[in-house]
Amino acid sequence: MVNTPPSLFSEEQYKVEDASAEVSAIIETTPSETEIDLEFLFTRDIEFRQETLYFIVVDRFYDGDLENSTGANAELYDPTKQDWGKYWGGDLQGVIDKLDYLKDMGVTAIWLTPLFEQIEDLFVGNAAMHGYWTRDFKRINPRFIATGEEPSLNKTQETRNTTFDKLIDELHKRKMKLVLDIVCNHSSPDTSGRKGELYDDGVKIADFNDDKAHWYHHYGEVQDWENEWQVQNCELAGLATFNENNIEYRTYIKAAIKQWLDRGVDALRVDTVKHMPIWFWQEFTGDMYNHKPDVFIFGEWIYNHPQDDRSVEFANNSGMTILDFALCVAIRQALGESAEAGFHLIKDIFDLDYRYSGATELITFIDNHDMSRFQSLNSDPARLMLATVLILTSRGIPCIYYGTEQYLHDDTNGGNDPYNRPMMDKWDTDTEIYRYVRLLSGLRRLNPAVSMGSQWEKYITPDVYCYVRRYRDSICFVALNRGGSATIPEVATDLPDGEHTCVMTRNKYEVKDGKIYDLQLEEHGVIVLSRVGERVKGQTIVRAQLNGVRTQPGESIVLIGDCPELGNWDIAKAYPLEYINENTWFAEIPFDESAGKLISYKYAILREGTSPLRENLMTRRWVIAKEGTVKWRDTWASGRES
């Protein structure tokens, strides 16, 4: 838990244990790959919704080891930091050196650009400083570790003495997680007549120009971006594109990523997922979960949208969640470009959350390494603050792009690639954004409404947006104002009557009949009011989520089963679920008496004045873990009257 000023939260809130601690013990005791515990495999999962991610382009963050910067090819390194296409010296030691800076900001998970060994050559004047032109997926980029240090994962498996291993250790000591960026779609472009030369721990196994074993597709570059076959089989920007139909390739890439998981990686960010068929990702994610059941995975389907059927199908059926580009674009339009529709653009995206089976696990962001930074759209730091508060208090898992807290941006060429990847040069812990991230990251872990709850619009104009996050009896009210000072005659907050203190400003607000009357909003003002209710406690906590059911007003959903926690089939004693959106109901269910036992269960809809509507299926069965946190992800089976 971050060091939040005690005046901002009640004493009772401080008694709530950080939910990430629930899974840390599980991670630390994961069985070895040769001795998988079937109970662990089928019962446990990692909870990522309470995390605050921080995305780092490793080469541009901090140079912690001055001796490794030149690398094997000095031509690829620019010590003056003027050539934006070359390496500038950032490395893993630099990340280690700044972990306390990140932890104190409230960051709980860091996402690093790919760490794989890259080609040591220039392509159109650019080096592979970004990490997406891989030469060997089983070796670490020597430019990121100590000079002379062994880069092979195989050769260092026993000793685990690389800088990468040190990073893992230091992260886990701080209860932080590592997200590794991986790319399965392609290897490298044509440099000096070499293209797609791929190695397995130093041994050459494939070559695009001598592809007798058919490791690559050879259909040229994508010409029609609306053609699904071309998007999945043709080349992206001249990059050698893997042939996923080749079982040798699939075996290699899965084995390589498993080695990184074995070394302590907690989560995977997967590049360019739209460029490979969904069956490949279903096989890939299934293998990753079998190998490390508590790994969290999210993918980049660039410019996905909830009205795009293909990207929604991927998010719901691939085995991973996705980066929420649609929300990002709406935030950039509303707050960065001052679009006339304002907050209505953001509301329109939230209104489509029912399209997803896991809207609360979408990764939210306002900029990244492939688009101009937010402040290149709008240099006003107050607008950046509003955008940051929005993703930290809305549904989804927020991700901050490195340097945002220091207002880092370069507006050359509109701030587009590569100028969206400046070198980090300030480490001020007193900036307003740094402080806001720290406070709201703490709030996300203290108040389950913010990380797991439903989201309810309470007031909206193009300039003002008020919403409530709600889960059980925990509530968070948020008001954002992109315009000048304003007064709202009345706004519902769902908070209990009495005085409430803003988490951000410490201003006090009186709630009467669940509302604030004559709410005064300063220019670019922010209000965040939080109430944390009683947390669910149990030997094992099951986080049950049900999708695919359309309830009507007045209906509710319960879980019934053959155990005391689920009422022993007495529907009057069934466990109630919480409404999240039109497609999702959710509950945390404590199991004590039935922990470690096999149970049966199903869902039912309660409707006033008529019989309950039960699922039409033989009961579901599950072995409840003896302790820890468990996820159920179920889809409603069409029911009939009992």
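Calculation rules
Residues numbered from 1 in each chain as written. Predicted model: local features only at pLDDT ≥ 70, side-chain atom pairs only at ≥ 80, totals over all residues. Heavy atoms only, no water. Pairing = 2+ DSSP bridges. Helix = DSSP H or I, 4+ residues; strand = E, 2+ residues; numbered from the N terminus. Axes fitted to C-alpha atoms, helices over the stretch in contact; angles between N-to-C directions. UniProt positions renumbered as here; feature names shortened; annotations may be inferred. Buried < 20%, exposed > 50% of the residue type's maximum accessible area, 1.4 Å probe, protein only. Right-handed = clockwise from strand over helix to strand, strands pointing away. Phe/Tyr/Trp six-rings, centres within 6.5 Å; stacked < 30°, edge-to-face > 60°. Lys NZ or Arg CZ within 6 Å of the ring centre and 35° of its normal. Core = buried A, V, L, I, M, F, W, Y, C linked by side-chain atoms within 4.5 Å. Domains from an automatic or database assignment. Contact = heavy atoms within 4.5 Å. Salt bridge = Lys/Arg side-chain N within 4 Å of Asp/Glu carboxyl O. Polar contact = N/O pair within 3.5 Å; in protein donor to acceptor, adjacent residues only side chain to side chain. Left-handed = near helix turned anticlockwise from the far one by under 90°. Nonpolar A, V, L, I, M, F, W, Y, C, P; charged D, E, K, R; others polar. Parallel < 35°, antiparallel > 145°, perpendicular 65-115°, else oblique.

Caption draft 1: Representation of the sheet that holds strand β29 (residues 628-635) within the structure. Read from one edge to the other, the open sheet built from four strands follows the order β24-β25-β21-β29, with strand pairing classed as mixed. At either margin of the open sheet sits one strand with a lone partner, and together these are β24 (578-581) and β29. Neighbour-to-neighbour, the strand axes of this sheet turn through a mean angle of 25°, independent of strand direction. Taken together, the three bridges between β24 and strand β25 (residues 584-591) define a ladder with antiparallel strand orientation. The partner of Asn-581 across the bridge, within β25, is Thr-584.

Caption draft 2: Geometry of the UniProt feature "domain: CBM20" (unreviewed entry) in the protein. Sequence positions flagged by UniProt for "domain: CBM20" (unreviewed entry) are, in local numbering, residues 534-638. A distance of 34 Å separates the end C-alpha atoms of residues 534-638, which is 0% helix and 50% strand.

Caption draft 3: Molecular detail of the pairing of strand β9 (residues 296-299). Every second residue of β9 is oriented toward a common face, with Phe-296 and Phe-298 on one face and Ile-297 and Gly-299 on the other, all of them buried. In this fold, the crossover linking strand β8 (residues 267-270) to β9 by way of helix α9 (residues 278-291) has right-handed handedness. Where β9 and strand β10 (residues 321-322) come together, two bridges link them in parallel fashion. Bridge assignment links Gly-299 to a residue of β10, and that residue is Ile-322. The β-α-β motif built from β9, the intervening helix α10 (residues 309-317) and the parallel element β10 has right-handed crossover chirality.

Caption draft 4: The arrangement of the packing of aromatic side chains in detail. Following the criterion strictly, the structure yields 42 aromatic pairs and no others. Here Phe-208 and Tyr-216 contribute two aromatic rings whose centre-to-centre distance is 5.7 Å and whose plane-to-plane angle is 65°, an arrangement assigned as edge-to-face. An identical accessibility class is assigned to Phe-208 and Tyr-216; each is buried. Directly above the ring of Tyr-62 sits Lys-98, whose terminal nitrogen or CZ lies 4.6 Å from the centroid. Of note, Lys-195 hangs over the ring of Phe-208, and the distance from its end group to the ring centre comes to 4.2 Å.

Caption draft 5: Region of the structure containing unusual backbone geometry. With an omega dihedral of 10°, the bond running from Asp-417 to Pro-418 counts as a cis peptide bond. Looking at the secondary structure, you find Pro-418 in the loop between β12 (397-401) and α15 (432-446). The phi torsion at Ser-338 lies on the positive side, around 55°, for a residue other than glycine. Its location among the elements puts Ser-338 in the loop between α11 (325-336) and α12 (343-350).

Caption draft 6: Structural detail: the nonpolar core. Counting residues in each nonpolar core, the largest one holds 153 residues, and the members touching the most others are Tyr-54 and Ile-110. Residue-level mapping places this core at the junction of two domains, with at least three residues from each of domain 1 (53-450) and domain 2 (452-531). Among all residues touching Ile-110, those that are not within four sequence positions of it are Tyr-54, Ile-56, Val-95, Leu-99, Leu-102, Leu-171, Met-176, Lys-177, Leu-178 and Val-179. Val-549, Ile-557, Trp-585 and Tyr-601 belong to the second largest nonpolar core, which has 26 residues in total.

Caption draft 7: Structural view of the pattern of salt bridges. By the definition in use, this model includes 42 salt bridges. Its salt-bridge partner being Glu-51, residue Lys-177 comes within 2.7 Å of it at the nearest N-O pair. Here Glu-51 lies in the loop between α3 (38-43) and β1 (53-56) and Lys-177 lies in strand β5 (residues 177-182), a separation of 126 residues in the sequence. Classification of Lys-177 as buried rests on a relative accessible area of 4%. When its relative accessible area of 2% is taken as the criterion, Glu-51 is described as buried.

Caption draft 8: The arrangement of the sheet that holds strand β20 (residues 526-531) in detail. Taken in spatial order, the four strands line up as β13-β14-β15-β20 in an open sheet, and their pairing is antiparallel. The open sheet has two edge strands, β13 (454-460) and β20, and neither has a second partner. With strand direction ignored, the average angle separating the axes of adjacent strands in the sheet is 15°. In this sheet, β20 lies alongside strand β15 (residues 474-481) in antiparallel orientation, the contact comprising six bridges. Directly across from Leu-480, in β20, lies its bridge partner Val-526.

Caption draft 9: Highlighting the side chain of Arg-421. With respect to the secondary-structure elements, Arg-421 resides in the loop between β12 and α15. At 3.1 Å, the side chain of Arg-421 and the backbone oxygen of His-369 are in polar contact. For Arg-421, the residues in contact, after removing those within four places along its chain, are Arg-60, Trp-84, Trp-88, Met-129, His-130, His-369, Asp-370, Tyr-401 and Tyr-402.

Caption draft 10: View of the environment of Ala-359. Examined against the element boundaries, Ala-359 turns out to sit in the loop between α12 and β11 (363-364). Judged by relative accessible area, Ala-359 falls into the buried class, the value being 5%. For the pair Ala-359 and Asp-309, spaced 50 residues apart in sequence, the C-alpha to C-alpha distance is 15 Å. Those residues in contact with Ala-359, other than ones at most four positions away along the chain, are Asp-353, Arg-395, Gly-396 and Asn-581.

Caption draft 11: Examining the packing of helix α8 (residues 247-262) against α9 more closely. Contact pair α8 / α9: the axes reach a minimum separation of 10 Å and the direction vectors enclose 35°. As α8 packs across α9, the resulting crossing turns out to be right-handed. Contact with α8, carried on its side by Tyr-249, Arg-250, Ile-253, Lys-254, Ile-257, Lys-258, Leu-261 and Asp-262, involves Trp-279, Phe-280, Glu-283, Phe-284, Asp-287, Met-288 and His-291 of α9 and no other residues of that element. Split into classes, the residues belonging to the contact of α8 with α9 amount to eight nonpolar, one polar and six charged.

Caption draft 12: Examining the packing of α11 against α12 more closely. Where α11 contacts α12, the axes come no closer than 8 Å and their chain directions differ by 165°. Judged by the angle between their axes, α11 and α12 are roughly antiparallel. With respect to the hand of their crossing, α11 and α12 are arranged in left-handed fashion. In contact with Ala-326, Leu-327, Ala-330, Ile-331, Gln-333, Ala-334 and Leu-335 of α11, α12 contributes Phe-343, Leu-345, Ile-346, Ile-349 and Phe-350. In terms of residue class, the contact of α11 with α12 is made up of 11 nonpolar, one polar and no charged.

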